[in-house]
Each structure stands twice: as C-alpha cells, then as structure tokens.
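# Examination of the molecular architecture
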Amino acid sequence: MTVVGYLVNAISLGALYALIAVSVGLVFGVLRQINLAQGEVITFGAYSLWLMRSLPTWLAIVLCFAVCIAASLLLQVAVFRPLRGASALTTLVATFGVSYGLEALWLIIFGPSGNTVSMLTSLNNTVVGGAVALRWITLVEIGAAVVLLGGLLLLLFRTSLGMRMRAVAEDLRAARLVGVRIGQVVTWAFVLSGASAAVVAVLATVQTPLVTPTFGLNLIIFALVGVVLGGLDHLGRATAGGFIVGFVNSLLGSILPEQELVFVTSLTFLFVVVVLVVRPAGLLAPRGADVERV
Amino acid sequence: MSETVARSAAPAPTAGNGPGPAAPQLLEVSGLRVTYGRAQAVDGVSFAVGEGELVGVVGPNGAGKSSTLLAVMGEVRRAAGEVRLRGVPLPGRPENVVRSGMAMVPEGRRLFPSMTVQENLQLGRLARRQGRVPRLSDDEVAALFPVTAEFARRRAGLLSGGQQQQVAIARALLSDPDVLLLDEPSLGLSPTIVASVFSALERVNSLGVAILLVEQRAEMTLEFCSRSYVLVGGRIRFEADRHTSVETVMAAYFGGEPVASGNRP
C-alpha cells in the first residue's frame, strides 16, 4: 500500500503541474511568448477564494474562475498587446516584472503571514489510512486533470476554434493568410489559460489552505521547469514535462529521509540542468529538434 | 499594428487592355510602396488584373515580387498606394482581404505540416463569403487536385513538395477567390511536377478565377500568361506578352531599357 500511496500522490502532484504547464503552454503556443506572471493569476484566484470565504462554496468557485479569466485577459491587454512584436526575452522580463510587482501588492494587501482558506476541507480526509495517507483531494486532482486535459484535447482536435488555434501555433502568417482572426484566437488562449489557472487555484488551496504572496510563484516555477523540460513549443510535451516534474518532485519528497527534504528542490533542478545539457530542445522533443524556437 | 488605409491621390491604373475606360478592373494596384526600415522593396508599382485574366509577374531575385503580393494581401504594410478589388479598396489586414475575394498561395506553400490535408483544406474554407455559391465546388477542387482526396487523412508535412503545392492551391481555392495570387509555385519542384501544377492552374483559370502568378522563371511564365509585368528593383519596367523575347526581359533584369512599347515610363 505504501508504494501505491506514494505513486498516487506523485501522480496527483504531476497532474497539478500538468495543468499549470497547459496554462502557460496555451499562451506560448499562439504567441511564442512565456507568461511568467501566470503564477500571479493563480495567487489572485486563491486570494479571491479567501475574500469570498463567506459565500457558498460553489459560488466562490464560479467567481474564482471569473477572477482568473479576467486577470488573464487583463494581462493580455496590459502586457502582451503593447509588446506585440517584441522579442520573447522582452516579454519574459516584462512578465517577470509584473509578477514581482504583484507579489509586492499581495504582500501589502494581505500581509506576509498568509490567509487560510477553509474551503471543502472534507476533501482532506483520508480515503485510506495507514503509513501513507491518501486524501480525497489527491483523487479529485487526478480526476480534474484528466477531465480538463481530455476536454482540451477535444477542443483542440474536434472544434473549429481548436483547429484555428493549432494553425496559429504552427504558422501564424499562413494562418492569417487563410483568414484566421489571430486576435480572436489569442483571446481564447488567454481565457482558457485563465480557466486552467482557476482550476489550479481551487485545487491547490484545498490541498494547502494557507495562501501566501508566493503561493502561485512556488507552483509556476516548478511547472515552468517542466515545460522547458518537455519542450516549450509542443503543448502535449510541455504538459507531460510538467507532469514529470511534479511526479519526480513528489516521489523524491516521499523517498528521501526527512532531514534531507531540503534537497528536493536542488535535486529537481539538478535533473533539469542535466536534461538541458544533454537534450537542449527538451527531454521529450524528437532528436535533432530545432533548439532556436525554444 | 495600425491599419494602413491608403491615402495618396492614386494615379490612374496603367494596364491597357481592360474593358471600358470607366469600368474598374477586377484588381487594380496603384502606386504601391513597401518599405522595410529604410529599404524600399516596392517603389510605386501599378498594375491591373482583369476579370478571369491570367497575368504574370517576373523579375530577378529580390525585385520585390513577393513583397508586392504580400502587400496586396495586407500581410506586409502598404507604405503608400492603393489596392482595389472591383473598385473597392481592400482592407489592410490579410484576414479581411481574404474575406473580400482574394487568396494567396504563399512561397514555400506554407501548409500546416502537422495537420491533416483535410484540416488544411477546412481552414481554407474559413474565409468563404457568406451567401455565395462558390465558383468552384468542393468536388471540382478535389477533381482538379486529386491528391487532396487521396491523402485527406495524412499529415500535410508528410507529402512530397509537388503534392503539398497541390494542397496549397486547393486550400487557397476553397476560400472561393475572384483573384488567386501565387508566389513562386514552381519553386523546388521537378519539371514534370511543375507542368502538372501549371496545367491545373490553367484549368482553374478557365473556370473563371483570375490568376496573378509571380515567378522567377521568366520564359515559362511569359509563355503561360496572357501578359506579364517585368518587375526589377521594386519597379515595373514594362509589360511583356507571349511575343516578347526572353532576351528583352533579361536585358531589363540587368538594367537595360526595353525597346518594346512599355506601358509605364
């Protein structure tokens, strides 16, 4: 049972990071730009749950989606649109700045010690007790990721919007020449990205109810590591990369003796450094893949 | 990016063999300029394509042929000049231009390689005008380009160059254009394949679609089109036809002035 417990926990953390990777990958796909501020959308969503703690849970969750989608669209209008045509590095730095600024803002508004969101606490009850506690939220996380990623696949491969998104991701100029309205597609990417951030915000706050100013940052850093690991220019591989990082991270946390848990982060990053040295286009990218685009 | 609505007082289009003097040509380009930074890629180009016509543009590498087509489509900014379709100025963005009855087969075909042939064609239908029976039905397009049906479910990137070119032309035709622009469709194809692509284009043209064909291969293009513009250094040097000798055109490539009666000073 212990091993199964470890694995299920690892899968659930992997699923969470996969969802974050998707939310970064969707925007990257259509814009070729990395949104480092995506973590702040998650933080914002989490704080919004705290602010709405007196509302019925379902309403708070619905509003959290609205908040995250609105925040995502705001980022598009306020940061990405003015920087259209700028280099990927410029946007990277700009979104890093936005992220830093927002963190300071959370600190000023909500303080450094964190706010506890006591929502859906029953999900933290154990399904199976024993040496490794398996909580309901773990299963909910896995289920949510499966449903969402499945839904996204259907959207991308079975709808006209999905086809247009894939066309833009593959060749923006050719897409425009056949009549794809790029602005529309980009807006949808930000909407979907905001919605995935909301899912992550809800799941993560149930799992770790203490919302601090670096709540989203801690998540996004690891997810981004996964995205780079998988290969940034392919949504499926980026998502799988996010999953792998979450999975490895969780397993390391379970396997390492308690006094060595501080090394989890360093070991994860060591893994990434090795991968990037050996396979610069990403662990999951096909051999000889074009590194320039990453 | 701001919309570029042309504002210059455009000189009258110069192409000669249109219908009446008052009737607008199908496609009229006048005083078109394209600049990249300080470089002048297209330097005041004027030409016209009549209803159902098959017109060529030839010129050496870097003459501004691609820039001209891309500017007509709105894919690169028109620094000056005007582009009209049936007398109506074309919008400044390609997604709108293609919805007004223009379609372009870009250089290098530019299919979506990881998408199936079918999906590529479906994207081509995106820009169809509402409430209009397409000039070429889907079946007619499929008949003209059999590979599109044969490999419908294959990824476009797995097709050969010639097959990709057929899919690219079919994709453009499915938007039901009045004018089809082609940028170097012969590029990288074997002579046999080029011949089959061109004979398909001939049939497309005979079904009423006007074609503006940009090519580096002058001899073939002069022979194929009813008339051709010779574009050198961002300017149209003169208008050639089937009777113009390749030597005259080549002389223009290297800066010689044509002795034949050009229609542009």
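Everything numeric here is computed off the predicted structure, so don't read it as measured data. (Residues numbered from 1 in each chain as written. Chains lettered and ligands numbered in written order. Predicted model: local features only at pLDDT ≥ 70, side-chain atom pairs only at ≥ 80, totals over all residues.)

Further remarks concern the overall build of chain A. Secondary structure summary: chain A contains 11 helices and 4 strands in total. A compact globule built from 294 residues should have a C-alpha radius of gyration of about 19 Å, and chain A, at 19 Å, falls within 12% of that. Once the C-alpha set of chain A is aligned to its principal axes, its extents read approximately 60 × 45 × 35 Å. A buried classification covers 47% of the 294 residues belonging to chain A. Pairs at least 24 apart in sequence give 71% of the contacts found in chain A among residues at least 6 apart. (Helix = DSSP H or I, 4+ residues; strand = E, 2+ residues; numbered from the N terminus. Rg over C-alpha atoms; globule rule 2.2 N^0.38 Å. Buried ≥ 20, exposed ≤ 12 C-beta atoms within 10 Å, placed from the backbone. Contact = placed C-beta atoms within 7 Å.)

It is worth spelling out the overall build of chain B at this point. Along chain B, the regular secondary structure elements total 9 helices and 10 strands. Every one of the 265 residues in chain B was classed for burial, and the buried ones make up 48%. A separation threshold of at least 6 residues defines the contact pool for chain B, and within that pool the share at least 24 residues apart is 70%.

Residue and element names in this part refer to chain B. Most of strand β9 (residues 227-232) sits inside the fold, with 6 of its 6 residues counted as buried. Side chains of β9 alternate between two faces, with Arg 227, Tyr 229 and Leu 231 and Ser 228, Val 230 and Val 232 buried alike. Looking at chain direction, strand β3 (residues 54-58) and β9 are connected through 4 bridges and run parallel. Paired with Gly 56 across the two strands is Ser 228, which belongs to β9. For β9 and strand β10 (residues 235-241), the ladder comprises 6 bridges, and the chain directions are antiparallel. Note on β10: the bridge partner recorded for Val 230 is Phe 238. Between β9 and β10, which pair antiparallel and follow one another directly, the connecting turn spans 2 residues, one of which, Gly 233, has a positive phi of 60 degrees. (Pairing = 2+ DSSP bridges.)

Residues and elements named next belong to chain A. Relative to the helices and strands, Val 225 resides in helix α9 (residues 215-230). It is 13 Å that separates the C-alpha atoms of Val 225 and Val 22, two residues lying 203 residues apart in sequence. Beyond its immediate sequence surroundings of up to four residues, Val 225 is in contact with Val 245, Thr 268 and Val 272.

With that settled, consider the interface of chain B and chain A. Taken together, the contacts link 21 residues of chain B with 13 residues of chain A. Those elements that place two or more of their residues in the side of chain B that touches chain A are α2 (94-97) and α3 (117-124) of chain B. For the side of chain B that touches chain A, the leading source of residues is α3(B), giving 4 residues. For the side of chain B that touches chain A, a count of residues per class yields 11 nonpolar, 4 polar and 6 charged. (Nonpolar A, V, L, I, M, F, W, Y, C, P; charged D, E, K, R; others polar.)

Here the focus is the confidence of the model for chain A. Here chain A averages 87 in pLDDT, while 95% of its residues score no lower than 70. Contacts of residues 289-294 of chain A to residues separated by more than four positions or lying in other chains number 10 contacts, the stretch itself having pLDDT below 50. (pLDDT = per-residue confidence, 0-100.)

All names here are of chain A. Following both chains from N to C, one finds helix α5 (residues 136-158) and helix α6 (residues 160-170) inclined at 80 degrees, their axes separated by 5 Å at the closest point. With respect to α6, the axis of α5 lies roughly perpendicular. Where α5 approaches α6, its residues Leu 155, Leu 156, Phe 157 and Arg 158 are matched on the opposing element by Leu 161, Gly 162, Met 165 and Arg 166. Class assignment of the residues belonging to the contact of α5 with α6 gives a composition of 5 nonpolar, 1 polar and 2 charged. (Axes fitted to C-alpha atoms, helices over the stretch in contact; angles between N-to-C directions. Parallel < 35°, antiparallel > 145°, perpendicular 65-115°, else oblique.)

Residue and element names in this part refer to chain B. Across the sheet, 4 strands lie side by side as β2-β1-β4-β5; this open sheet has antiparallel pairing. Of all the strands in the sheet, just β2 (39-49) and β5 (88-89) have a single pairing partner and so form its edges. Pairing of strand β1 (residues 27-36) with strand β4 (residues 80-85) involves 5 bridges; the strand directions are antiparallel. In the sheet register, Glu 28 faces β4, and the bridge partner there is Arg 84.

Residue and element names in this part refer to chain B. Counting buried residues along strand β8 (residues 210-215), 6 of its 6 residues qualify, which places the element largely inside the surrounding structure. Where burial is concerned, the two faces of β8 agree: the one with Ala 210, Leu 212 and Val 214 and the one with Ile 211, Leu 213 and Glu 215 are both buried. As paired elements, β3 and β8 share 5 bridges and run parallel to each other. Counted as the bridge partner of Val 57 is Val 214 from β8.

Residues and elements named next belong to chain A. One way to put it is that helix α2 (residues 38-51) packs onto α9 with a least axis distance of 7 Å and a crossing angle of 140 degrees. With respect to their mutual orientation, α2 and α9 come out oblique. Along this stretch, α2 crosses α9, giving a crossing that reads as right-handed. Residues Gln 38, Gly 39, Glu 40, Val 41, Ile 42, Thr 43 and Ala 46 of α2 touch α9, and the partners they reach there are Phe 215, Gly 216, Leu 217, Leu 219 and Ile 220. A per-class count over the contact of α2 with α9 returns 7 nonpolar, 4 polar and 1 charged. (Left-handed = near helix turned anticlockwise from the far one by under 90°.)

Now for the sheet that holds β9(B). All names here are of chain B. Here we have 6 strands laid out as an open sheet, ordered β6-β7-β8-β3-β9-β10, and mixed in their pairing. Since the sheet does not close on itself, it has two edges, and those belong to β6 (102-105) and β10, each with one partner. Strand after strand, the sheet turns through a mean of 20 degrees between neighbouring axes, direction not considered. Across the sheet, helix α9 (residues 246-253) touches β3, β9 and β10, and the angle it forms with β9 is around 25 degrees.

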